[in-house]
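# Structural features, examined
Spelled out from the first residue to the last, the chains are:
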Amino acid sequence: MLPYVVHRLAQGAVILLLVSFVGFAITLAAPGNAMQTFIDPGISVEDLRAAEARLGLDQPVPVQYLRWLGQVATGNLGWSSRTGAPVADLIGARVRPTLTLMGTAFVLTLALALWLGTITAARPYTWLDYGVTGAAFAGISVPSFFSGMVLIYVFALQLGWFPTSGLESYAADYEGWARWLDRARHLVLPVSVLVLTGAAELVRHVRGAVVEALQEDYVRTARGKGAPPGRVLRHHALRNGLLPVVTLVGLALPRLLAGSVVVEVIFAWPGMGRLLVESVFARDVPVAMAINLVAASLVLLGSLLADVAYAVVDPRVRYG
Amino acid sequence: MTVPATPPAAPPAPLGPPGCGRAEGPARRTWRAFRRHRLALVSAAVLLVAGVAAVAAPWIAPHDPYDLAIGANGEIAFAAPPNGTFPLGTDAIGRDVLSRLLYGGRVSLSIGLVAALVAITVGSVLGLVAGWFGGWTDRVVSRFADAVATFPALFLILTISSFVAPSVVSVIAIIGFLSWMPAFRLMRAEVLKLRTTVYVEAARALGGPHVRIMAVHLLPNAIPPIVVQATLGVAEAILTESALSFLGLGVQPPVASWGNMLADARSITVLSSQPWLWIPPGAAIFVTVLCINFLGDGLRDAINPRATRQRL
């Protein structure tokens, strides 16, 4: 197992390097450079060249890239061209809200998809099955900003059950449990949007996998030995059906991240996605690039974990 | 392809798996299987209507989508609720929502179609090349596809839109060139399967040039799954375009697209008290994408009669 993980980490590092190179190339392709953003427009050409030389902007591109890479490797992601603040600090402040949002959505998505997928597989071609399948089709077809707006309209504006936006209530200095409750209430609607889309994507695959597993010989054997139907379903069919689903879960991570961008914008959630959109509007390339790098790392980590999880749920898999 | 000579079966049960091995050609069988997928048929009809409405927008739109709308009383109607003159009301700067919806459909549908076409073309060509030549070519292209797929596409699309001035063409190019990976994987897998078949081996032994083998023997046989992928790709592209335009980084006003029509509703006032501004475009995207997904599902069932799939 360990050699495999090391191998995968090395592979991930190569991909990250490629990602960083593409990112750097995009930065160069962008019109203008860092100097032109900050400098006094009346500066003389000589002074400009001198300033560029001081910052290393006159060096050949590969040299610039390696120097930038060296900085990134030591945790210095550069400075925002909008505010001048260190990029690492800007992103650091936004990572937790995004992870809270995504983590909650991820766990609930998985639970909902596994539950619905299993119960529909147990009763194929019934009204329940058609209902869930239809809802799944609707879920993958609705733009997340639209479902978000409908949820805000109904549950925040009309019914007033949940707040419309934000991470927590301003000015209301809640302490302890009250604060947790307040945050949880803010989390409900954005998480619902992500779960709706994510579970819709996954539930069809879970259903398919379990239906297939139910036709296997070992399920017939289990039934023949008199195992109760619920146990056959959960213990024999679902467990085996999980295998292909694990891979899909790893692939679902990029989608979840992408979905979080739109959700964070609609619900004014102070996360990385919204920071990315703000940076793009402000042409703040260092911040945008760094967010891409962080997102790519998260996705790589996710797919690595999915592969490791695959080995855990399937003892036949031996990586070596 | 040999077809077992069983006599034509009686009309099949509505819910059973599509029968295979009937004595009829593959095209006819595909059509029969597709026809049985009733939702896919209905979806195709809805899409046809949407397509015709989009094409005919200049003739059927009741008002100018870019100009101030003059109401029945001769005054400019700002943010008017739906009424007899304006079936879907008007927006905050006095434009007719129905006309904008029709013109927006032109933009959103054509971006979806063309972007998916770009993605399918790029993916198919790379998949053909990687699958056929194998070895280093395959490894390089496959790793490249992995690297592109690693990026959450929307992140990269957003970053690129920060330097490329957003326009219809740039949106098509960005979406097209960042969503070719599924088509690539599919085509590569098909080619790997096909390259061991006897007729491909024969073509190779006869010394056919690579391009000819790819174009005549490989590509046509891989078309059915690619068509399904293309259909789903259109749905995906429409969703991506609408998200981009919603965020303000896609199609730019005054040109209407379904996504940027919803962007106005990011204000709570519009959201709460002017639902006619955001429900119609949102519903249009939803219904269109839903129908495309049903259509793709029907096509998939139709070309793959052996698959045990649920049907609606």
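Up top is the structure.
Residues numbered from 1 in each chain as written. Chains lettered and ligands numbered in written order. Predicted model: local features only at pLDDT ≥ 70, side-chain atom pairs only at ≥ 80, totals over all residues. Heavy atoms only, no water.

This part takes up the overall build of chain B. If you tally the helices and strands in chain B, you get 13 helices and zero strands. Reading chain B from its N end, one meets helices and strands in the order α-α-α-α-α-α-α-α-α-α-α-α-α. Residues counted as buried form 48% of the 312 residues belonging to chain B. Restricting to contacts in chain B with at least 6 residues of sequence separation, those with at least 24 account for 69%. Here chain B displays about 14200 Å² of accessible surface, and carbon together with sulfur accounts for 70% of that area. (Helix = DSSP H or I, 4+ residues; strand = E, 2+ residues; numbered from the N terminus. Buried < 20%, exposed > 50% of the residue type's maximum accessible area, 1.4 Å probe, protein only. Contact = heavy atoms within 4.5 Å. Areas by Shrake-Rupley, 256 points an atom, 1.4 Å probe, with all protein chains shown as cover.)

In this section: the pattern of salt bridges. Tallied over the full model, the rule gives eight salt bridges over all chains. The residue Asp297(B) makes a salt bridge to Arg204(A) at a minimum N-O spacing of 3.6 Å. In this pair, Asp297(B) sits in helix H13 (residues 275-303) while Arg204(A) sits in helix H8 (residues 176-214), so the two residues belong to two different chains. Given a relative accessible area of 3%, Asp297(B) falls into the buried group. (Salt bridge = Lys/Arg side-chain N within 4 Å of Asp/Glu carboxyl O.)

Attention now moves to the interface of chain B and chain A. Contacts between the two partners involve 45 residues from chain B, matched on the other side by 49 residues from chain A. Note on chain B versus chain A: buried area summed over both sides is about 4400 Å², and carbon and sulfur give 77% of it. Linking chain B with chain A are one salt bridge, by the criterion used here. In this assembly, chain B and chain A are joined by one residue pair in polar contact (both at pLDDT 80 or more). At the level of elements, helix H5 (135-150), helix H6 (153-161), helix H10 (210-247), helix H12 (268-273) and H13 of chain B are the ones that each hand at least two residues to the side of chain B that touches chain A. Residues of the side of chain B that touches chain A, tallied by class, amount to 29 nonpolar, nine polar and seven charged. (Buried area = accessible area lost by both parts, 1.4 Å probe. Polar contact = N/O pair within 3.5 Å; in protein donor to acceptor, adjacent residues only side chain to side chain. Nonpolar A, V, L, I, M, F, W, Y, C, P; charged D, E, K, R; others polar.)

Turning our attention to helix H7 (residues 144-158) of chain A. Helix length check: H7(A), at 15 residues, gives a terminal C-alpha distance of 20 Å against a target of 21 Å (1.5 Å per residue), a fit within 8%. Along H7(A), the sharpest change in direction is near 30° and occurs at Ile152(A). Listing the buried residues of H7(A) in full gives Ser144(A), Phe145(A), Phe146(A), Ser147(A), Gly148(A), Met149(A), Leu151(A), Ile152(A), Tyr153(A) and Ala156(A). On its buried side, H7(A) packs onto H8 and helix H10 (229-266) of chain A together with H10, helix H11 (258-263), H12 and H13 of chain B. Looking at the residues trailing H7(A), positive phi occurs at Gly160(A), about 70°. (Expected span 1.5 Å × (residues − 1). Bend = angle between axes of the 7 residues up to and from the residue.)

In this section: the packing of aromatic side chains. For any pair of aromatic rings, the description consists of the separation of the ring centres together with the inter-plane angle of the planes. Enumeration according to the criterion identifies eight aromatic pairs over all chains in this entry. Relative to Phe294(B), the ring of Phe137(A) lies with its centre 4.6 Å away and its plane at 40°, an arrangement referred to as tilted. Of this pair, Phe137(A) sits in helix H6 (residues 127-141) while Phe294(B) sits in helix H13, each in a different chain. Relative accessible area serves as the criterion here: at 3%, Phe137(A) is assigned to the buried category. (Phe/Tyr/Trp six-rings, centres within 6.5 Å; stacked < 30°, edge-to-face > 60°.)

In terms of nonpolar packing, the biggest core is built from 105 residues, with Phe145(A), Leu158(B), Leu247(B), Leu262(B), Trp278(B) and Ile285(B) touching the most fellow members. Residues within four places of Trp278(B) in sequence aside, it is in contact with Phe146(A), Met149(A), Val150(A), Tyr153(A), Leu262(B), Ala265(B), Val270(B) and Leu271(B). Counting residues in each nonpolar core, the second largest holds 24 residues, with Leu202(A), Ala237(A), Val245(A) and Leu290(B) among its members. (Core = buried A, V, L, I, M, F, W, Y, C linked by side-chain atoms within 4.5 Å.)

With that settled, the discussion passes to a nonpolar patch on the surface. A cluster of nonpolar side chains, Val150(A), Val154(A), Leu159(A) and Trp161(A), forms an exposed patch at the surface whose accessible area comes to about 330 Å². Among the structural elements, Trp161(A) can be located in the loop between H7 and H8. (Patch = residues over 30% accessible without salt bridge, like charges linked within 9 Å, V, L, I, M, F, W, Y side chains within 5 Å.)

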